[in-house]
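# Commentary on secondary and tertiary structure
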Amino acid sequence: DARVTQTPRHKVTEMGQEVTMRCQPILGHNTVFWYRQTMMQGLELLAYFRNRAPLDDSGMPKDRFSAEMPDATLATLKIQPSEPRDSAVYFCASGTVGAGYGYTFGSGTRLTVV
Amino acid sequence: RKEVEQDPGPFNVPEGATVAFNCTYSNSASQSFFWYRQDCRKEPKLLMSVYSSGNEDGRFTAQLNRASQYISLLIRDSKLSDSATYLCVVNSGYSTLTFGKGTMLLVSP
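Since we're looking at a predicted model, the values are computed, not measured.

Residues and elements named next belong to chain A. What the four strands build is an open sheet, ordered E1-E3-E8-E7; its pairing is antiparallel. In the strand order of this sheet, the two ends are held by strand E1 (5-7) and strand E7 (65-71), each with one partner. Going across the sheet, the axis of each strand differs from the next one's by a mean of 20 degrees, ignoring polarity. Two strands pair when backbone bridges link them, and E7 and strand E8 (residues 74-79) are joined in this way by five bridges, in the antiparallel orientation. Opposite phenylalanine 65, over in E8, you have isoleucine 79 as the bridge partner.

Another point: the pairing of strand E3 (residues 19-24) of chain A. With three bridges joining them, E1 of chain A and E3 of chain A adopt antiparallel strand pairing. Across the sheet, residue threonine 5 of chain A finds its bridge partner in E3 of chain A, namely glutamine 24 of chain A.

This next bit is on the interface of chain B and chain A. Taken residue by residue, the interface counts 17 residues in chain B and 22 residues in chain A. Both faces combined, the contact of chain B with chain A buries some 1600 Å², and carbon together with sulfur accounts for 53% of it. Between the two partners, chain B and chain A, sit zero salt bridges. The tally of links from chain B across to chain A stands at four residue pairs in polar contact (both at pLDDT 80 or more). Looking at the side of chain B that touches chain A, the elements with two or more residues in it are strand E4 (33-38), strand E5 (44-50) and strand E10 (97-99) of chain B. For the side of chain B that touches chain A, the residue count by class is eight nonpolar, five polar and four charged.

Here we come to the pattern of salt bridges. Charged atoms that come close allow side chains of opposite charge to pair. Applying the stated criterion to the full structure yields nine salt bridges over all chains. Among the ionic pairs, glutamate 44 of chain A bridges to arginine 36 of chain A, the shortest N-O distance being 3.5 Å. Assessed through its relative accessible area of 25%, glutamate 44 of chain A is described here as partly exposed. Owing to a relative accessible area of 13%, arginine 36 of chain A belongs among the buried residues under this scheme. Note that arginine 76 of chain B is salt-bridged to glutamate 56 of chain B, the shortest N-O span being 3.5 Å.

Glancing now at unusual backbone geometry. Cis peptide bonds are those with omega within 30 degrees of zero, and the linkage from threonine 7 of chain A to proline 8 of chain A qualifies with -10 degrees. Relative to the helices and strands, proline 8 of chain A is located in the loop between E1 and strand E2 (10-13). At arginine 52 of chain A, a residue that is not glycine, the phi angle is positive and equals roughly 75 degrees. Within the secondary structure, arginine 52 of chain A sits in the loop between strand E5 (42-50) and strand E6 (53-56). Its identity as a non-glycine residue notwithstanding, arginine 41 of chain B has a phi of 65 degrees, on the positive side.

Another point: the packing of aromatic side chains. This model, assessed by the stated rule, comprises 13 aromatic pairs over all chains. Considering the side-chain rings of phenylalanine 91 of chain A and phenylalanine 105 of chain A, the 6.0 Å spacing of their centres and the 85 degrees angle between planes classify their relative orientation as edge-to-face. Taken together, the residues phenylalanine 91 of chain A in strand E9 (residues 88-95) and phenylalanine 105 of chain A in strand E10 (residues 104-105) connect sequence positions 14 residues apart. Take phenylalanine 91 of chain A and phenylalanine 105 of chain A: they sit in the same class, and that class is buried. Here tyrosine 36 of chain B and phenylalanine 99 of chain B contribute two aromatic rings whose centre-to-centre distance is 5.5 Å and whose plane-to-plane angle is 65 degrees, an arrangement assigned as edge-to-face. One end of the pair, tyrosine 36 of chain B, is in strand E4; the other, phenylalanine 99 of chain B, is in strand E10, and 63 residues separate them in sequence. Among the aromatic residues, those joined into a cluster by ring pairs are Phe33, Tyr35, Tyr48, Phe91, Tyr103 and Phe105 of chain A together with Phe34, Tyr36 and Phe99 of chain B.

Cut-offs used in this document
Once a new chain begins, its residue numbering starts again from 1 and follows that chain's sequence as written. Think of it this way: whatever chain is written first is A, whatever ligand is written first is 1, and the rest follow in order. Whole-chain, interface and lining totals are the exception, using all residues; otherwise, since this is a predicted model, local features are given only for residues with pLDDT of at least 70 and side-chain atom pairs are given and counted only at 80 or more. Heavy atoms throughout the structure, all of them, feed into the side-chain values; hydrogens and water do not. In this scheme, strands are said to pair when DSSP sees at least two bridges between them. Note on conventions: DSSP H or I runs of at least 4 residues are helices, E runs of at least 2 residues are strands, and numbering of each starts at the N terminus. Helix axes use the C-alpha atoms of the stretch in contact, all axes being lines fitted to C-alpha atoms, and the angles between their N-to-C directions lie in the range 0 to 180 degrees. Every residue pair with non-hydrogen atoms within 4.5 Å of one another is taken to be in contact. What gets called buried area is simply the loss in accessible area from a 1.4 Å probe that two parts show on being joined, summed for both. Salt bridge, as applied in this entry: a Lys or Arg side-chain nitrogen positioned within 4 Å of an Asp or Glu carboxyl oxygen. Definition of a polar contact: a pair of N or O atoms within 3.5 Å, with one able to donate and the other able to accept a hydrogen when the atoms are protein atoms, and with sequence-neighbouring residues admitted only if both atoms are side-chain atoms. All residues other than Ala, Val, Leu, Ile, Met, Phe, Trp, Tyr, Cys, Pro, Asp, Glu, Lys and Arg, Gly among them, are scored as polar; the first ten of these are nonpolar and the last four charged. Whether a residue is buried, partly exposed or exposed follows from its accessible area with a 1.4 Å probe, protein chains only, as a fraction of its type maximum: under 20%, in between, or over 50%, in that order. Only rings of Phe, Tyr and Trp enter the pairing, Trp through its six-membered ring, and a pair is recorded when the two centres are within 6.5 Å. The plane angle decides the type: under 30 degrees is stacked, over 60 is edge-to-face, the rest tilted.

Pasting the structure below:
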């Protein structure tokens, strides 16, 4: 089965440190999403790319978050500097544009900022 | 009004019971609808798409009512393994997916 691969699975870091999360989407998928999940807010869309071009990052705090897709096999989400309120599970998902198609999620990066 | 709303539950049902979840969405222009399942500390996984004519997959039946802007999921003959959180998902434009916060189902022996 094709999978979306995310690294690291877990990350504990101190406030103020830079955090980089990586995602390898499924080969052939042209759309990549970054979501954040917390108990309070549920799943929130942070950013997404189509054919590697950023289409919407309005869900991200711009001053500290950045998302890039340097090539078709890698998407990154960076937080600099990290804050305790960034603690959450960050999911990457990929899919193909088209009505009726769902998307496949990676296993997530569980981030704890202390 | 939130884009996608669900009753958080939990729904506690015995094995073999039939249980139904509803979900409402606010964007009348939404085109695609899905149910995802999420197990504790795992990623969401696509359970089924929801079509205008309604669709069935084994014990699971999904319905869409565009006029009232709601989606439903019916689970028949509940199994212990059905215990999970069920997420209602709507394509809210540009093929982005908007998720409800989920409904928790607990199936007991």
